[in-house]
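Observations on the model geometry
Here are the chains, one letter per residue:
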Amino acid sequence: FTFTYLFLLLGALLIDAMHWPRPRPWMINGLVLLLLSFIFIRIRFDTIVESFMEAILILIGVKMLEGKRARDYGEIFLLSLMILAAYGMLSTGKIFIFYCLGIALLSCFGLILTTCLAREPEMKLSVPESYQLFKTALRILLIMLPVALLLFFTVPRIPTPMSGQRIASSNRSGTIGFSDQ
């Protein structure tokens, strides 16, 4: 199915370069259903992540065939991040934390870029502007990461809900996160 993705990507590049008409939506939807059905027919429990990655590759290739607006680029970017996340699930070493940090940084950058494209669809980014957006994404990540870790470790140990209301059925706190209980 990697060759199918490459074929779809090559087709999308040719359509854009030669200014050919785009395929009709019913043809694209039929192609997606056919390709995804082949992937889901041969799925097994021990190869579920690989099948998931193949399905996402097909969706990216098909998304490249469609007309592209800011929202479509955001969807392609999100699907690409899902591929990275699935690939990170395949690695069981310490490198997994770097995959997570990279995905978090790219997610911040993608959200900022998609927001900019939604405001101004014809925007052209120069290298210094891209670098500035990347630095902003890094700042957001550096603020978000300690806050997320703090909430992950402290909120489950709070005896009452953060809203201050007591739950009548239980007075115990949760054990979400890393816990001995």
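Treat the numbers as computed from the prediction; the structure is a model and nothing was measured. (Residues numbered from 1 in each chain as written. Predicted model: local features only at pLDDT ≥ 70, side-chain atom pairs only at ≥ 80, totals over all residues. Heavy atoms only, no water.)

1. Overview of a nonpolar patch on the surface
Together, I95, I97, F98, L101, I140, M144, L145, L149, F152 and F153 make up an exposed nonpolar region whose accessible area comes to about 870 Å². Residue assignment for the nonpolar patch shows that the elements contributing at least two residues are α5 (96-119) and α6 (127-154). Considering every element that reaches the nonpolar patch, the biggest residue donor is α6, with 6 residues. Mapped onto the elements of the fold, I140 is located in helix α6. (Patch = residues over 30% accessible without salt bridge, like charges linked within 9 Å, V, L, I, M, F, W, Y side chains within 5 Å. Areas by Shrake-Rupley, 256 points an atom, 1.4 Å probe, with all protein chains shown as cover. Salt bridge = Lys/Arg side-chain N within 4 Å of Asp/Glu carboxyl O. Helix = DSSP H or I, 4+ residues; strand = E, 2+ residues; numbered from the N terminus.)

2. Quick look at the environment of C100
Here C100 shows up in helix α5. A C-alpha to C-alpha distance of 7.5 Å links C100 and A85, two positions 15 residues apart in sequence.

3. Digging into the packing of aromatic side chains
The full count for this structure, using the stated rule, is 2 aromatic pairs. Here the aromatic rings of F109 and F134 are separated by 5.9 Å at their centres, their planes lie at 65 degrees, and the arrangement is edge-to-face. Taken together, the residues span a long stretch of sequence, with F109 in helix α5 and F134 in helix α6 at a distance of 25 residues. Classification of F109 by relative accessible area gives buried; the value is 16%. Aromatic pair F152 and F153: ring centres 5.0 Å apart, planes at 85 degrees, arrangement edge-to-face. For F153, a relative accessible area of 38% translates into the label partly exposed. (Phe/Tyr/Trp six-rings, centres within 6.5 Å; stacked < 30°, edge-to-face > 60°. Buried < 20%, exposed > 50% of the residue type's maximum accessible area, 1.4 Å probe, protein only.)

4. Describing the layout of surface pockets
Its boundaries defined by the atoms lining it, the second largest pocket holds a volume of some 150 Å³. Lining the second largest pocket are F7, L8, L10, G11, L14, P23, M27, I28, L31 and L65. When contributions to the lining of the second largest pocket are tallied by element, the ones reaching two or more residues are α1 (2-18) and α2 (25-41). Per-element accounting of the lining of the second largest pocket gives the leading share, 5 residues, to α1. Tallied by class, the residues present in the lining of the second largest pocket amount to 9 nonpolar, 1 polar and no charged. (1 Å grid on protein atoms, 1.4 Å probe; cavity = no way out; pocket = protein on both sides within 12 Å on 5 of 7 lines; lining within 4 Å. Points joined across faces, edges and corners; volume = space filled by probe spheres on them. Nonpolar A, V, L, I, M, F, W, Y, C, P; charged D, E, K, R; others polar.)

5. Thoughts on the pattern of salt bridges
Within this structure, the stated rule accounts for 4 salt bridges. Two residues, D16 and R22, come together in a salt bridge whose shortest N-O distance is 2.4 Å. Given a relative accessible area of 34%, D16 falls into the partly exposed group. R22 sits in the partly exposed class, given a relative accessible area of 32%. Of the charged contacts in the structure, one is a salt bridge between K63 and E75, with a shortest N-O distance of 2.7 Å.

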